[in-house]
Amino acid sequence: MTATGPSFGEREDVRLYVSQALQIICAQTKKILANTGKEAGHPDPCMGDHGDLDEVDDMDDGLFDDHVYLGRFSSEEGHRRVSLLKDGSKAWLPMLLNAFVATHTSKRNHIQSAISAYSCVCDSAVVSKVFKFALVRLMKVANQLKTGELGKDAVLDGGDSDTERYCTYLESVYALLGGLDANALSIVYQLVSNDMDERDPAVQKKAYKIFQYLMEHRPDFYAQDFEG
């Protein structure tokens, strides 16, 4: 995987296939552990409602056939895979985020799904570091939207307008939710609480999507913030 890094950053066609491969490997690893009664991490935000990989098309050629595949591996194999994925996460998770932001919205679904699946099997410290980067960029864009001014450290990636850039970084935060701890999720909640009242429908929709995931899949967060 290390040798793939330069090509991933430079070629969009490589990003598509590598992102899908990473997504499948991470999701399979979680399912191997779940199949042996040892769930790994939190639910994947980009996973389909029925446990199917979100946005995966015919490219996988049946590689994610649960009935054929999952019964072959033990929990030890699942933990071995998690260990290998964690070893590469410090390099790959930032690379995936950078690629997601740099890729046009029409071609980034697989990258977002790879970020989401990978975040669920990473150490929370690695995900937290990437989250802080995305959060800083998000807040800078929010300030650009508010003031209409671009300073020397202005954020110009992620879209052709500040609204598009803001939505891009909201989507990147959404992809990281499965790997964040409850304290980080509290920060996310404070952010989207304001955005859910936003007049722009694109921003509002993404904020509600984040809120829905928090309420439906992260009891560690809402038990702390709403019941504590």
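Residues numbered from 1 in each chain as written. Predicted model: local features only at pLDDT ≥ 70, side-chain atom pairs only at ≥ 80, totals over all residues. Heavy atoms only, no water.

Novice: Help me understand the environment of Ile187, please; the structure alone is not making it clear to me.
Specialist: If you trace the backbone, Ile187 turns up in helix α8 (residues 182-195). Separated by 52 residues in the primary sequence, Ile187 and Leu135 place their C-alpha atoms 9.4 Å from one another. Sequence-distant contacts of Ile187, defined by excluding residues within four places in its chain, comprise Phe131 and Leu135. (Helix = DSSP H or I, 4+ residues; strand = E, 2+ residues; numbered from the N terminus. Contact = heavy atoms within 4.5 Å.)

Novice: Whenever I open this one, the packing of helix α4 (residues 75-102) against helix α7 (residues 162-176) confuses me. Can you help?
Specialist: What describes two packed helices is the angle between their axes and the distance between those same axes. Where α4 contacts α7, the axes come no closer than 10 Å and their chain directions differ by 150°. One finds that α4 runs roughly antiparallel with respect to α7. At the point where α4 passes α7, the crossing takes the right-handed sense. Residues Leu93, Leu97, Phe100 and Val101 of α4 touch α7, and the partners they reach there are Thr168, Tyr169, Glu171, Ser172 and Leu176. Broken down by class, the residue content of the contact of α4 with α7 amounts to 6 nonpolar, 2 polar and 1 charged. (Axes fitted to C-alpha atoms, helices over the stretch in contact; angles between N-to-C directions. Parallel < 35°, antiparallel > 145°, perpendicular 65-115°, else oblique. Left-handed = near helix turned anticlockwise from the far one by under 90°. Nonpolar A, V, L, I, M, F, W, Y, C, P; charged D, E, K, R; others polar.)

Novice: Any chance you could explain the nonpolar core here in plain terms?
Specialist: Nonpolar side chains tend toward joint burial in soluble globular proteins. Residues Leu93, Leu96, Tyr118 and Leu177 are the most contacted members of the largest nonpolar core, which totals 52 residues. Elements that contribute at least two residues to this core include exactly α2 (12-35), α4, α5 (109-119), α6 (124-147), α7, α8 and α9 (201-217). Residues in contact with Leu177, not counting those within four places in the same chain, are Pro45, Leu185, Val188, Ile210, Tyr213, Leu214 and Arg218. (Core = buried A, V, L, I, M, F, W, Y, C linked by side-chain atoms within 4.5 Å. Buried < 20%, exposed > 50% of the residue type's maximum accessible area, 1.4 Å probe, protein only.)

Novice: What's the story with the packing of aromatic side chains in this structure? I'm lost.
Specialist: Aromatic rings in a pair are described by how distant their centres are and how their planes are angled relative to each other. Tallying each qualifying case throughout the model produces 2 aromatic pairs. Summarising the aromatic geometry, the rings of Tyr189 and Phe221 are spaced 5.7 Å apart at their centres and angled 50° between planes, so their arrangement reads as tilted. Note that Tyr189 is positioned in helix α8 and Phe221 in helix α10 (residues 219-226), a separation of 32 residues in sequence. Residue Phe221 is classed as buried on the basis of its relative accessible area of 0%. Aromatic rings pair up to connect Tyr189, Phe211 and Phe221 into one cluster. We note Arg108 situated over the ring of Phe100; from NZ or CZ to the ring centre the distance is 4.5 Å. (Phe/Tyr/Trp six-rings, centres within 6.5 Å; stacked < 30°, edge-to-face > 60°. Lys NZ or Arg CZ within 6 Å of the ring centre and 35° of its normal.)

Novice: Would you mind showing me how to read the pattern of salt bridges here?
Specialist: Side-chain pairing between opposite charges can occur once the charged atoms of the two side chains come close. For the structure shown, the criterion picks out 6 salt bridges. Close ionic contact of Arg218 with Asp220 constitutes a salt bridge, the shortest N to O distance being 2.7 Å. The exposure class assigned to Arg218 is buried, which follows from its relative accessible area of 0%. A relative accessible area of 31% places Asp220 in the partly exposed class. (Salt bridge = Lys/Arg side-chain N within 4 Å of Asp/Glu carboxyl O.)

Novice: Help me understand the confidence of the model for the protein chain, please; the structure alone is not making it clear to me.
Specialist: Regions with low pLDDT should not have their predicted coordinates read in detail. On average, residues of the protein chain score 84 in pLDDT, and 81% of them reach the 70 mark or higher. Every residue in residues 49-64 is under pLDDT 50, and counting partners more than four places away or in other chains gives 31 contacts. (pLDDT = per-residue confidence, 0-100.)

Novice: I tried to follow the packing of α4 against α5 on my own but got confused; where do I start?
Specialist: Running from amino to carboxyl end, α4 crosses α5 at an angle of 150°, the nearest separation of the two axes being 10 Å. With respect to α5, the axis of α4 lies roughly antiparallel. Here α4 and α5 pass one another in a crossing that is left-handed. Between α4, through Leu85, Gly88, Ser89, Trp92, Leu93, Leu96, Leu97, Ala99 and Phe100, and α5, the contact on the second element is made entirely by Ile111, Gln112, Ala114, Ile115, Tyr118 and Ser119.

Novice: Sorry if this is basic, but what is going on with the side chain of Ser89 here?
Specialist: By the secondary structure assignment, Ser89 is in helix α4. Since its relative accessible area comes to 1%, Ser89 is described here as buried. Among residues more than four places away in sequence, those in contact with Ser89 are Pro94, Tyr118, Cys122 and Val126.

Novice: For this particular structure, what's the right way to read the side chain of Arg137?
Specialist: Considering the arrangement of structural elements, one finds Arg137 in helix α6. Leaving out residues up to four positions away in the same chain, Arg137 has contacts with Val155, Asp157 and Tyr169.

Novice: Any chance you could explain the environment of Thr163 here in plain terms?
Specialist: Here Thr163 is to be found in helix α7. Once the C-alpha coordinates of Thr163 and Gln144 are considered, the two residues, 19 residues apart in sequence, prove to be 9.4 Å apart.

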